[in-house]
Amino acid sequence: MLLPIDDAHPVATLVRSHHERFDGAGFPDGLKGKDIPIGASIIAVADFYDDLMIGHLSSKPLNCAEARTLISHGRGTQFDPEVVDAFLQILIQATPVADPAPFMFPVRSSGQE
């Protein structure tokens, strides 16, 4: 889909390769290790994390700690170890943003509906 757009060729390569595995067991080209573009490796980890957090890969959405554990298990097999290390470090350093308290508007009834 991106290939007809000249400026999108580098992005198309990353999208195409994000299902490759560090151990070479991925697809579509069976790339292995550092033959996988670094951008594709980053997308692979982020995509996997997102799928875990919204429940696409399990019966229910996982929490951050559970998702981190599964990503750690894929380090060096499914995912580039350096990308996993960087991703997990970023997650550990990230400060969760709390949802703001709801703002309540006072409503007065005029008695006329």
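Residues numbered from 1 in each chain as written. Predicted model: local features only at pLDDT ≥ 70, side-chain atom pairs only at ≥ 80, totals over all residues. Heavy atoms only, no water.

1. A few points about helix H2 (residues 38–54)
Given 3.6 residues per turn, any residue in an α-helix points the same way as the ones three and four places further on.
Part 1 of the reasoning: Under the 1.5 Å per step criterion, the end-to-end length of H2 is 25 Å for 17 residues, consistent within 8% with the ideal 24 Å.
Part 2 of the reasoning: For H2, the complete set of buried residues consists of Gly 39, Ala 40, Ser 41, Ala 44, Val 45, Phe 48, Tyr 49, Asp 51 and Leu 52.
Part 3 of the reasoning: Residues of H2 that are buried make contact with helix H1 (9–17), helix H3 (64–73) and helix H4 (81–93).
Part 4 of the reasoning: A positive phi of about 90° marks Gly 55, the residue just after H2. (Helix = DSSP H or I, 4+ residues; strand = E, 2+ residues; numbered from the N terminus. Expected span 1.5 Å × (residues − 1). Buried < 20%, exposed > 50% of the residue type's maximum accessible area, 1.4 Å probe, protein only. Contact = heavy atoms within 4.5 Å.)

2. Some words on the packing of H2 against H3
Part 1 of the reasoning: Where H2 contacts H3, the axes come no closer than 10 Å and their chain directions differ by 140°. Relative to H3, the element H2 is oriented oblique. For the pair H2 and H3, the crossing hand works out as right-handed. Of H3, the residues touching H2 (which contributes Val 45, Phe 48, Tyr 49, Leu 52 and Met 53) are Cys 64, Ala 67, Leu 70 and Ile 71.
Part 2 of the reasoning: When the residues that make up the contact of H2 with H3 are grouped by side-chain class, the tally is nine nonpolar, no polar and no charged. (Axes fitted to C-alpha atoms, helices over the stretch in contact; angles between N-to-C directions. Parallel < 35°, antiparallel > 145°, perpendicular 65-115°, else oblique. Left-handed = near helix turned anticlockwise from the far one by under 90°. Nonpolar A, V, L, I, M, F, W, Y, C, P; charged D, E, K, R; others polar.)

3. Let's talk about the pattern of salt bridges
Part 1 of the reasoning: Enumeration according to the criterion identifies six salt bridges in this entry.
Part 2 of the reasoning: Where Asp 29 meets Arg 16, a salt bridge forms, and the shortest distance between an N and an O atom there is 2.7 Å. In this pair, Asp 29 sits in the loop between H1 and H2 while Arg 16 sits in helix H1, placing the two residues 13 residues apart along the sequence.
Part 3 of the reasoning: Looking at Asp 29, the relative accessible area reads 41%, which means it is partly exposed.
Part 4 of the reasoning: Classification of Arg 16 as partly exposed rests on a relative accessible area of 47%. (Salt bridge = Lys/Arg side-chain N within 4 Å of Asp/Glu carboxyl O.)

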